[in-house]
Amino acid sequence: EYDEVMDEQRKRVYQYRQNILDGANCKELILEMIDTQVEQQLDEFLARDFGTESYAAWAGGKLNIELDNRDFRGMDFPSAESFTKDQAERMAGGQVLDLIEENLPVDEESREWNWAALAKIVNTRWQLSLRDRDLKKIGRDNLDEFLIDKVHIAIDKVDLSDGSGYLDKDYGLHTAIEWVQYKFGIELQIDEYRDLEIQSFKDRVLETATRMYEQREIEFPVMAGLIHFTTRDSGGGQRYDRGQLVDWARDRFNVELDLEDLRNRQRDEIRNLLIEQSRTDYDLGQQTERELQRQLEPLRDSDTPEPETTSAIQALAQWCKPNLDYQWDDETLSRLSEAELEQTLMAALHDRFCPEMRRMERSLTLQILDAAWKDHLLAMDHLRSSVGLRSYAQVDPKVEYKREGMRTFEAMWHSIQERVTDLIFRMEQLDDDFVGSTWVETHDDAQSAVEMAREQTESGGEEIVSSERIEPIRNRD
């Protein structure tokens, strides 16, 4: 019964992984991750009670009490501070009496009382500095009044001013804008978003994040090329091999470029020049993709007569050679299903216009997925070993294992999405060896994405995320 829980999780992970190895479009998978995170985070930050919930959780932690966020709706900070401390003082009496009863139970001999534990817990909870021998002198009968007075004084001294921002009417909006800035590097002006409905806010953020992703697609091949053609001189410094860099850029971006164009330029100038060439090539790729979709349109219509379908496939085969640098005969294409045909041609398109980015997306997603899954398996082993103890609390261990296992599994997926998208939008933090591997794998007689996916599927896909060969992020500590 325990294994059934893991079997469902294993199927989901392995199916997701196999889809990637079979050539699934990782860009679409990552854009789905971005969409999910935008939906979840902005729904949370822009919710009506986000500010009051944040204040209640923060102030409750400071004063070791449970607070209801609904009590703070519409309150300004001075009123909220006064209400919070009143609540804490009212609850303090019961808390003190419970601690006294727990550590100095009346039904036990006084020599068994744990004065040291009582002193330690009240000191920790209310930031007091009481000694157990001082409490003994007061005696149990008078201790409750003494401790309650001390606790009330301590509560009154607690500074809650740092929590005032939680009750600001724009706190959720500020938090959402800060998250967008941190996550995607997008700066938003609060006045432009204050009056937007939540869905409009999310749509606009998602649209902007998609454009930022496209900018990363333009920058990444240049980043990979510059790393690959960087050499160290005799003094230990780094310089570009401009000759090889020019040869690569001419072939990669199909542009007219010669050594003189780079000879007297600084590193940033060279990078900016190549990014402009990459942008031109990227725009051509987008145009080619739109044309490919038009070529596929007749094949998506099930009502298209067979002669017209045959003619469309022949036209598609002829179109692929000059536009995708791939040669297929119409018989080969006709044997593919609609989904297989589109996946094959899109892989060819990516091989031509953005091989480095697609390789990076696939390797990064697989590596983070594999690492997270291994950590999850270890966590589930620990849970299985300890969950039996919960039967002492009259709880069915199998039910608890399923519930906790699902919660842990969903947290794993959330962490995968966060990690992948964080690194995509902070690709400058990727390790040079990892970035260089995406260049090596897609140039100099490299395999196509279709061939690679097929071979990885047949071999089990183990080599694609070798932890010995790829390190996804440089340790900057």
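Note that the structure is a prediction, hence the values are computed from the model and not measured.

Each value, and the rule that gives it
- Note that residues are indexed from 1 along each chain, following the sequence as it is written.
- At least 70 in pLDDT is required for a residue's local features to be given in this predicted model, at least 80 for side-chain atom pairs to be given and counted, and no such filter applies to totals for whole chains, interfaces and linings, which use all residues.
- Side-chain metrics rest on all non-hydrogen atoms present in the structure, leaving aside hydrogens and water.
- We count a stretch as a helix when DSSP gives it H or I for four or more residues in a row; a strand needs E for two or more, and each element gets its number in order from the N terminus.
- Residue contacts follow a heavy-atom distance rule, with two residues in contact if any of their heavy atoms lie within 4.5 Å.
- Identification of polar contacts relies on pairs of N or O atoms within 3.5 Å, with a donor-acceptor requirement for protein atoms, meaning one able to donate a hydrogen and the other able to accept it, and with residues adjacent in sequence counted only if both atoms are side-chain atoms.
- Note on method: axes are straight lines fitted to C-alpha atoms, helices fitted across the in-contact stretch only, with angles between N-to-C directions ranging 0 to 180 degrees.
- An angle counts as roughly parallel when it lies under 35 degrees, as roughly antiparallel when it exceeds 145, as roughly perpendicular when it falls between 65 and 115, and as oblique in every other case.
- Left-handed describes a crossing whose near helix is turned anticlockwise from the far helix by less than a right angle; the clockwise case is right-handed.
- The residue classification treats Ala, Val, Leu, Ile, Met, Phe, Trp, Tyr, Cys and Pro as nonpolar and Asp, Glu, Lys and Arg as charged. All others, Gly included, are polar.
- Working definition: with a 1.4 Å probe on protein chains only, accessible area under 20% of the residue-type maximum means buried, over 50% means exposed, and in between means partly exposed.
- Using protein atoms alone on a 1 Å grid, points that fit a 1.4 Å probe yet trap it form a cavity, whereas open point sets bounded by protein on both sides within 12 Å along at least five of seven lines form a pocket; residues with an atom within 4 Å of a point count as lining.
- Grid points are joined across faces, edges and corners, and a volume is the space filled by probe spheres set on the points.

Draft legend 1. Representation of the environment of Arg250 in the model. Among the structural elements, Arg250 can be located in helix 11 (residues 242-253). Counting along the chain gives 27 residues from Arg250 to Gln277, while the straight-line C-alpha distance between them is 9.3 Å. Those residues in contact with Arg250, other than ones at most four positions away along the chain, are Val255, Leu257 and Asp258. A distance of 2.6 Å separates a polar side-chain atom of Arg250 from the backbone oxygen of Leu257.

Draft legend 2. Up close: the packing of helix 4 (residues 77-103) against helix 5 (residues 115-126). At a closest axis distance of 10 Å, the pairing of helix 4 and helix 5 adopts a crossing angle of 155°. As judged from the angle between their axes, helix 4 and helix 5 are roughly antiparallel. Crossing handedness for the pair helix 4 and helix 5: right-handed. Contacts from Gln95, Val96, Leu99, Ile100 and Asn103 of helix 4 reach helix 5 at Ala117, Leu118, Ile121, Val122, Arg125 and Trp126. Here the residues of the contact of helix 4 with helix 5 are counted per class, giving eight nonpolar, two polar and one charged.

Draft legend 3. Layout of the environment of Met91. The residue Met91 is located in helix 4 in this model. In the structure, Met91 is positioned 27 residues away from Asn64 in sequence and 9.7 Å away in space, judged by C-alpha atoms. Not counting residues up to four positions away in its chain, the partners in contact with Met91 are Ile65 and Glu66.

Draft legend 4. The packing of helix 10 (residues 198-228) against helix 11, seen in detail. Contact pair helix 10 / helix 11: the axes reach a minimum separation of 11 Å and the direction vectors enclose 150°. With respect to their mutual orientation, helix 10 and helix 11 come out roughly antiparallel. Helix 10 and helix 11 meet at a crossing whose hand is right-handed. Contact with helix 10, carried on its side by Pro221, Val222, Gly225 and Leu226, involves Leu245, Trp248, Arg252 and Phe253 of helix 11 and no other residues of that element. Looking at the contact of helix 10 with helix 11 residue by residue, the classes come out as six nonpolar, one polar and one charged.

Draft legend 5. Broad picture of the side chain of Thr52. In this structure, Thr52 sits in helix 3 (residues 50-63). For Thr52, a relative accessible area of 11% corresponds to the buried category. A polar contact is formed between the side chain of Thr52 and the backbone oxygen of Asp49, at a distance of 3.1 Å. Excluding residues that lie within four positions of it along the chain, Thr52 makes contacts with Asn69, Phe72, Arg73, Tyr166 and Leu167.

Draft legend 6. Representation of unusual backbone geometry within the structure. One non-glycine residue with positive phi stands out, namely Asn64, at about 60°. Its relative accessible area of 33% is what places Asn64 among the partly exposed residues. Positive phi is not limited to glycine here, since Gln127 has a value of about 55°. Along the chain, the position of Gln127 falls in the loop between helix 5 and helix 6 (132-138).

Draft legend 7. Quick peek at empty space enclosed by the protein. Scanning the model with the defined rule gives two cavities of 30 Å³ or more in all. Looking at the largest cavity, its volume works out to about 50 Å³. The wall of the largest cavity is formed by Glu217, Ile218, Pro221, Arg252, Phe253, Ser278, Asp281, Tyr282, Phe353 and Cys354. Going through the elements one at a time, helix 10, helix 11 and helix 13 (267-300) are the ones with two or more residues in the lining of the largest cavity. Of the residues belonging to the lining of the largest cavity, the class tally is six nonpolar, one polar and three charged.

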